[in-house]
Amino acid sequence: MSGLRWKTVWITGASSGIGRALALAMDEEVATVAVSARSDDRLEALREQCVNVSAHPVDVTDGEAVARCVDAIEASAGPIDLAVLNAGTWALMDAPNLDLTAVRSGVEVNYFGVMNALDVLIPRMLERGRGHIAIVASVAGYRGLPRAVAYGPTKAALINLAEILRLELEPRGITVSVINPGFVDTPMTRDNPFPMPGIVSAEEAAETILTGLKKRKYEIAFPRGFALVMKLLRLMPNALYFRLIRKFVMRRAA
Ligand SMILES: NC(=O)c1ccc[n+]([C@@H]2O[C@H](COP(=O)([O-])OP(=O)(O)OC[C@H]3O[C@@H](n4cnc5c(N)ncnc54)[C@H](OP(=O)(O)O)[C@@H]3O)[C@@H](O)[C@H]2O)c1
């Protein structure tokens, strides 16, 4: 296993972008990389390109299907040592143009998609007294950002959730990580109509994530400079934060 501690890894949202790049980066280092998403054709194409990848299509919003998916992975490859809960969706939306259907869909995929996986994984990992859960949130979850009304709150919830899991599960043998990317060049961001400072490729993102996971880091935030700016904004007093964002982000976009 080339020094990696995981035998079986499960990555959701692996049909494109960050998840796909991570599967490719792990392929020759892990005995089984089980990849999930809804697009079975893209998962199959990824599997054909790899040595140790197996495709397990699933819609993460369907809790029963997620349970069956985990059963199938563990039946064929053994216990999941590392689960990277990465499936996600993004919609540009501002408060005056609320679209409740899209908001609900964001919560269903980004938050309940993770919950559906945790509901199956936590009892199994607790019973084994080991396992590693990595949740892909975003630096967009640190503070409220303009036009992120359907996205930011889901990622803020995941960051909060990861802290709870870390506190409660780590003493019982389960490692918990939260992955907070800045901008990554993937199908998700390709049509964004605004500048994306510090944007990195999916391959660079995957390398950074893999390095952090190998070190069992709690938070993997990148790229370093942009993540640092976002962290400083989190520490800033509210009045100053609102003034800065209105001046440097919202006026420029107007
Ligand atoms: N790109 C960025 O700048 C950025 C920044 C911060 C955080 N992130 C986060 O990183 C993660 C990966 O995003 P990405 O940039 O790689 O975007 P992406 O290329 O659009 O990938 C999203 C993945 O999620 C899957 N997915 C969406 N809905 C699903 C569902 N209901 N069930 C199962 N899989 C589903 C998609 O596959 P199917 O459509 O085939 O189901 C796809 O594989 C997301 O959680 C995103 O919020 C991205």
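The coordinates are above.
Nothing here was measured: the structure is a model prediction, and the numbers come from that model.

Go over the packing of helix H4 (residues 100–128) against helix H5 (residues 152–169), please, and point to the residues and values.
At a minimum axis separation of 10 Å, H4 and H5 run at an interaxial angle of 10°. With respect to each other, H4 and H5 are oriented roughly parallel. You can see that H4 and H5 cross each other, and the crossing is right-handed. Of the residues in H5, those in contact with Gly106, Val107, Asn110, Tyr111, Val114, Met115, Leu118, Ile122 and Leu126 of H4 are Thr154, Lys155, Ala157, Leu158, Leu161, Leu165 and Leu169. By residue class, the composition of the contact of H4 with H5 is 12 nonpolar, three polar and one charged.

Just give me the short version of the nonpolar core, but keep the residues and values in it.
Counting residues in hydrophobic clusters, the biggest one holds 44 residues, and the most contacted among them are Trp10, Leu85, Leu121 and Ile133. Among the secondary structure elements, those contributing two or more residues to this core are helix H3 (63–77), strand S4 (82–85), H4, strand S5 (131–136), H5, strand S6 (174–181), helix H7 (224–235) and helix H8 (238–253). The element best represented in this core is H4, accounting for eight residues. With residues up to four places along the chain from it excluded, the contact list for isoleucine 133 reads Ala83, Leu85, Leu118, Ile122, Met125, Leu169, Ile174, Thr175, Val176 and Ser177.

So what's going on with the site of the ligand? Which residues, and what values?
In the vicinity of the ligand lie 30 residues, with Ser16, Arg38, Ser39, Tyr151 and Thr186 positioned nearest. Measuring from an oxygen atom of the ligand, one finds a side-chain N or O atom of lysine 155 at 2.9 Å. Threonine 186 places a polar side-chain atom, nitrogen or oxygen, 2.6 Å from an oxygen atom of the ligand. Relative to its unbound accessible area of 880 Å², the ligand is 93% covered by the protein chains.

What counts, and where the lines are drawn
Residues numbered from 1 in each chain as written. Predicted model: local features only at pLDDT ≥ 70, side-chain atom pairs only at ≥ 80, totals over all residues. Heavy atoms only, no water. Axes fitted to C-alpha atoms, helices over the stretch in contact; angles between N-to-C directions. Helix = DSSP H or I, 4+ residues; strand = E, 2+ residues; numbered from the N terminus. Parallel < 35°, antiparallel > 145°, perpendicular 65-115°, else oblique. Left-handed = near helix turned anticlockwise from the far one by under 90°. Contact = heavy atoms within 4.5 Å. Nonpolar A, V, L, I, M, F, W, Y, C, P; charged D, E, K, R; others polar. Core = buried A, V, L, I, M, F, W, Y, C linked by side-chain atoms within 4.5 Å. Buried < 20%, exposed > 50% of the residue type's maximum accessible area, 1.4 Å probe, protein only. Near = heavy atom within 4 Å. Polar contact = N/O pair within 3.5 Å; in protein donor to acceptor, adjacent residues only side chain to side chain. Areas by Shrake-Rupley, 256 points an atom, 1.4 Å probe, with all protein chains shown as cover.

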